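For reference, the chains in residue letters:
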Amino acid sequence: MKQVVFPSAHHVGTQFKEDPKPGQGEVRIKMGIYPEAPPFPCVVGYEVSGWIDAIGSDVPQSWKGKEVWYSDCVVTKPQNVSFIEAASIPVVYLTAWMLLVHMGGIQKNQTILIQNAGGGVGLAAIDIARHFGAITIGTASGGKHAFLKERGLDHAIDYRKQDFAEEVMKITNNKGGKLGFFGASSMQATVKSDFVVFAWIKIAWSMLIGAPTWSPFGVNLAKMFEDLERPVEWLKIIMDGTKEGWVRPYVDSVFDMEHVADAHNFIESRQSKGKVVIAVDPSDPVHDMTRFQENSFEPLK
């Protein structure tokens with residue numbers, strides 16, 4: 001099989017490896033996975049969708065051939081979403097669900113501020129907030145505002161030209177609330193990993209000092225999978241949401257394996273909206289590529 005591999009930071013490529021054999025209680029999905037936070041060199045593929053082409057011992061034969069999605073647990077893929085869309089759902093929707101519902105206790109008519117509203121988690125948060133009847137404020141570059149309004153965002157703020165804190169205070173009439181954290185990708189680019197946790201504590205503390213009406217909390221999706229009962233329950237709700245229409249996965253672009261470095265650079269350029277997906281073979285008839293943009297990335301000048 002072909003794998004996407006990071007030999008070191010900021011370098012990406014592909015390599016061929018022998019197909020893995022599923023062990024006891026395991027299945028093999030025709031797409032690929034990688035361990036949580038692997039050291040370099042690492043093989044990537046955190047959330048996937050495909051069909052099970054091999055099973056290990058203790059796995060019922062009925063699972064072989066099933067269309068599934070995966071993010072630390074295997075769930076049957078809804079028939080109303082494509083493989084490409086299914087691969088874009090688990091991490092972002094589970095993260096948004098943890099933040100807004102599980103930890104945030106979202107209620108109807110509450111106001112939700114979504115930073116980077118055009119990203120994968122941001123769009124998932126808009127869907128979930130709309131489902132619960134909440135009012136949404138989102139920060140994004142001006143070029144994404146029309147798209148976000150079409151997705152249902154109530155108030156868009158251009159963080160490049162506006163002071164988002166002042167704008168939020170105007171919209172909410174100076175109300176306080178809860179502050180949810182997830183991810184640390186931009187911080188990890190400039191802070192040594194040993195100090196990432198300290199840096200987040202420092203940020204949270206500074207926000208508490210400046211705004212004592214905020215109650216901060218953070219989420220870590222990887223840790224939630226240590227207790228599979230809850231994320232599996234949430235995945236079922238999200239799966240039902242795709243059938244009911246309030247979960248609307250958005251795939252910006254699809255790249256093939258030969259252009260995986262371009263896909264990574266495209267994400268880092270902040271030009272993308274929603275999710276970027278790697279199709280192992282875009283020419284496979286299983287993929288309806290007419291619904292998606294097959295991208296050839298060119299960096300901004």
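To be clear, the structure that these remarks concern was listed above.
Everything numeric here is computed off the predicted structure, so don't read it as measured data.

Chemist: Go over the environment of glutamine 15 with me, naming the residues and quoting the values.
Modeler: Examined against the element boundaries, glutamine 15 turns out to sit in strand β2 (residues 11–16). Considering only alpha carbons, one finds glutamine 15 and valine 5, 10 residues apart in sequence, at a separation of 6.9 Å.

Chemist: Outline unusual backbone geometry, supporting the account with residue identities and numerical values.
Modeler: Its identity is not glycine, yet asparagine 173 carries a phi of approximately 60 degrees, on the positive side. Tracing the chain through its elements places asparagine 173 in the loop between α5 (164–172) and β11 (177–181). The backbone of arginine 270 sits at a positive phi, close to 65 degrees, despite the residue not being glycine. When you line up the elements, arginine 270 lands in the loop between α10 (260–268) and β14 (275–279).

Chemist: Give a detailed account of the pattern of salt bridges, specifying residues and quantitative values.
Modeler: In this structure the tally under the stated criterion is six salt bridges. Lysine 77 is the partner of glutamate 67 in a salt bridge, and the nearest nitrogen-oxygen pair spans 3.4 Å. Placement of glutamate 67 in strand β6 (residues 67–70) and of lysine 77 in the loop between β7 (74–76) and α1 (83–87) is noted, with a sequence separation of 10 residues between them. The exposure class assigned to glutamate 67 is partly exposed, which follows from its relative accessible area of 29%. Of the charged contacts in the structure, one is a salt bridge between arginine 151 and aspartate 127, with a shortest N-O distance of 3.7 Å. In this pair, arginine 151 sits in the loop between α4 (145–150) and β10 (155–157) while aspartate 127 sits in helix α3 (residues 120–132), placing the two residues 24 residues apart along the sequence. Of the residues examined, arginine 151 reaches a relative accessible area of 11% and is grouped as buried. The class for aspartate 127 is buried, based on a relative accessible area of 1%. One salt-bridge network, in which partners are shared between bridges, spans Asp127, Arg151 and Arg248.

Chemist: Would you mind going over the packing of aromatic side chains in detail, with residue names and values included?
Modeler: As enumerated under the stated definition, the model contains five aromatic pairs in all. Taking 5.9 Å as the distance between ring centres and 50 degrees as the angle between the ring planes, the aromatic pair formed by phenylalanine 255 and phenylalanine 266 counts as tilted. Placement of phenylalanine 255 in strand β13 (residues 251–256) and of phenylalanine 266 in helix α10 is noted, with a sequence separation of 11 residues between them. Look at phenylalanine 255 and you get buried, because its relative accessible area is 1%. Overall, the relative accessible area of 6% leaves phenylalanine 266 in the buried class. By the ring-pair criterion, three or more aromatic residues cluster together here, those being Trp97, Phe132 and Trp246. Residue placement shows lysine 66 over the ring face of tryptophan 63; its charged tip is 5.8 Å from the ring centre. A cation over an aromatic ring shows up here: lysine 77 above the ring of phenylalanine 83, its NZ or CZ 4.9 Å from the ring centre.

Chemist: Can you lay out the pairing of β13 for me, pointing to particular residues and giving the numbers?
Modeler: Within β13, six of the six residues are buried, leaving the element largely enclosed by the surrounding structure. Pairing geometry for β13 and β14, over five bridges, is parallel. Directly across from serine 253, in β14, lies its bridge partner valine 276.

Chemist: With reference to specific residues and values, describe the sheet that holds β7.
Modeler: The four strands are arranged β3-β5-β6-β7 in an open sheet whose pairing can be described as antiparallel. With one partner strand each, in any of the chains shown, β3 (27–29) and β7 form the two edges of the open sheet. Each neighbouring strand pair of the sheet contributes to a mean axis angle of 50 degrees, computed without reference to strand direction. Strand direction decides the pairing type here: β3 and strand β5 (residues 48–55), joined by three bridges, are antiparallel. Along β5, the bridge assignment pairs valine 27 with isoleucine 55.

Cut-off values and rules
- Sequence order as written defines residue numbering, which begins from 1 separately in each chain.
- Side-chain atom pairs in this predicted model are given and counted only at pLDDT of 80 or more, local residue features only at pLDDT of at least 70, and totals for whole chains, interfaces and linings cover all residues.
- Only hydrogens and water are set aside; all other atoms, that is, all heavy atoms of the structure, feed into the side-chain values.
- By definition, any uninterrupted DSSP run of H or I lasting at least four residues is a helix, any uninterrupted run of E lasting at least two residues is a strand, and each is numbered from the N terminus.
- Whenever Lys or Arg places a side-chain nitrogen within 4 Å of a carboxyl oxygen from Asp or Glu, that contact is recorded as a salt bridge.
- Think of it in three bands: with a 1.4 Å probe and only protein chains considered, a residue is buried below 20% of the maximum accessible area for its type, exposed above 50%, and partly exposed in between.
- To pair, rings of Phe, Tyr and Trp, with the six-membered ring standing in for Trp, must have centres within 6.5 Å; the planes then decide the type, stacked if under 30 degrees apart, edge-to-face if over 60, and tilted in the middle.
- Counting as a charge over the ring demands two things of the Lys NZ or Arg CZ atom: a distance within 6 Å of the ring centre and an angle within 35 degrees of the ring normal.
- Between any two strands, at least two bridges found by DSSP are needed for them to pair.
- Lines fitted to the C-alpha atoms define the axes, with helices restricted to the stretch that makes contact. Angles between their N-to-C directions range from 0 to 180 degrees.

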